[in-house]
Amino acid sequence: DVDPSFLFTTNTRNLTYTYSDQGYWDAQIASTVQYYNVGDGYQSEQYNALLWTPGFASPWESIYSSLVDVQAMSDLAIEEGNTFLEAVALVYRAMFIDLVAKMYGDVPFSEINKLDEGIVFPKYDSQKEIYETLLIDLKTAKNMIEAIPGSTVPVLDGYDLLYGGDKSKWIKFVNSVRIRMCLL
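Scope of this entry: the structure provided in the associated data block.

**Some remarks on the nonpolar core**
Right, on to step 1. With 48 residues, the main nonpolar core has Phe8, Phe84 and Ile97 as its most contacted residues.
Right, on to step 2. Taken together, the elements giving at least two residues each to this core come down to α1 (4-25), α3 (59-80), α4 (83-104), α5 (127-146) and α6 (167-183).
Right, on to step 3. With 17 residues, α4 is the single largest residue contributor to this core.
Right, on to step 4. Excluding its chain neighbours within four sequence positions, the residues that come into contact with Ile97 are Tyr64, Leu67, Pro108, Phe109, Ile112, Ile130 and Leu134.

**Considering α5**
Right, on to step 1. In this model, α5 (20 residues) spans 28 Å end to end at C-alpha, consistent with the 28 Å of a helix rising 1.5 Å per residue.
Right, on to step 2. Taken as a whole, α5 has its buried residues at Ile130, Tyr131, Leu134, Asp137, Leu138, Ala141, Lys142, Met144 and Ile145. Here the buried residues of α5 occupy an arc of 155 degrees about the axis, which is enough to place them on one side. Across from the buried face of α5, at angles greater than 90 degrees, the exposed residues are Lys128 and Ile136.
Right, on to step 3. Those residues of α5 that are buried lie in contact with α4, β1 (107-108), β2 (124-125) and α6.

**With respect to the packing of α3 against α4**
Right, on to step 1. Direction vectors running N to C along α3 and α4 enclose 165 degrees, while the axes themselves pass 9 Å from each other. The pairing of α3 with α4 is recorded here as roughly antiparallel in orientation. Classified by chirality, the crossing of α4 by α3 is left-handed. Residues Pro59, Trp60, Ile63, Tyr64, Ser66, Leu67, Val70, Met73, Ser74, Ala77 and Ile78 of α3 lie in contact with α4, whose contacting residues are Leu85, Glu86, Val88, Ala89, Tyr92, Arg93, Phe96, Ile97, Leu99, Val100, Met103 and Tyr104.
Right, on to step 2. When the residues that make up the contact of α3 with α4 are grouped by side-chain class, the tally is 19 nonpolar, two polar and two charged.

Quick notes on the rules
Residues numbered from 1 in each chain as written. Predicted model: local features only at pLDDT ≥ 70, side-chain atom pairs only at ≥ 80, totals over all residues. Heavy atoms only, no water. Core = buried A, V, L, I, M, F, W, Y, C linked by side-chain atoms within 4.5 Å. Buried < 20%, exposed > 50% of the residue type's maximum accessible area, 1.4 Å probe, protein only. Helix = DSSP H or I, 4+ residues; strand = E, 2+ residues; numbered from the N terminus. Contact = heavy atoms within 4.5 Å. Expected span 1.5 Å × (residues − 1). Arc of directions from axis to C-beta. Axes fitted to C-alpha atoms, helices over the stretch in contact; angles between N-to-C directions. Parallel < 35°, antiparallel > 145°, perpendicular 65-115°, else oblique. Left-handed = near helix turned anticlockwise from the far one by under 90°. Nonpolar A, V, L, I, M, F, W, Y, C, P; charged D, E, K, R; others polar.

Have a look at this one:
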C-alpha cells in the first residue's frame with residue numbers, strides 16, 4: 001500500500017517546478033494570451049510555437065504528465081478516506097489546467113486520465129466550460145478542508161511542503177487560487 005502523502009510531495013514539487021520553469025526559465029507564463037512572439041530571433045521557432053515540438057520538455061507534456069500523478073494521489077486519497085489529500089488533488093488539478101488553458105486556449109480536460117474507459121484521445125473542452133468546472137472544484141476543495149476537524153490537516157509529518165499541515169493557510173491558499181482564476 002502506498003500512502004497518498006508520498007504523491008503529495010511529488011505533486012507539490014511538480015506544480016511549483018512547472019510554474020517556476022514556465023515563469024523563469026522558459027519565460028512562457030507571461031504569454032498567457034496564447035501566442036508568444038519573439039520575432040525571428042534566437043530560437044523563435046521554439047518560443048513562437050510554445051514548445052509544441054514532440055520530445056521537447058513542453059509545457060503541454062509536463063503538465064499533462066503531472067496530472068497523471070495528481071489523479072493517482074486523488075484515487076489513493078479517496079481509497080483511504082483522506083479528505084484533505086482528495087481536496088489538494090482538486091486544487092493541484094485546477095492549477096495545472098488553469099496554466100495549460102491560459103497558454104493554449106481550449107484544451108483536453110473532462111476526458112483526461114480515462115484510459116481505463118478507453119479514451120485515448122480526449123476531447124478539447126472550451127475555456128468557459130473548463131473555468132466553470134475549476135471554480136466549482138476549488139469551492140468543493142475549500143469546503144472539504146474546512147470540514148476537517150481541528151486546526152491541522154491529516155498528512156504525514158514533513159510531507160506538506162507548503163503549509164506544514166496548517167488548515168487555515170490551506171483555506172487561504174484555495175481562496176487565493178479561486179480569486180486569481182476569476183481575474184484572468
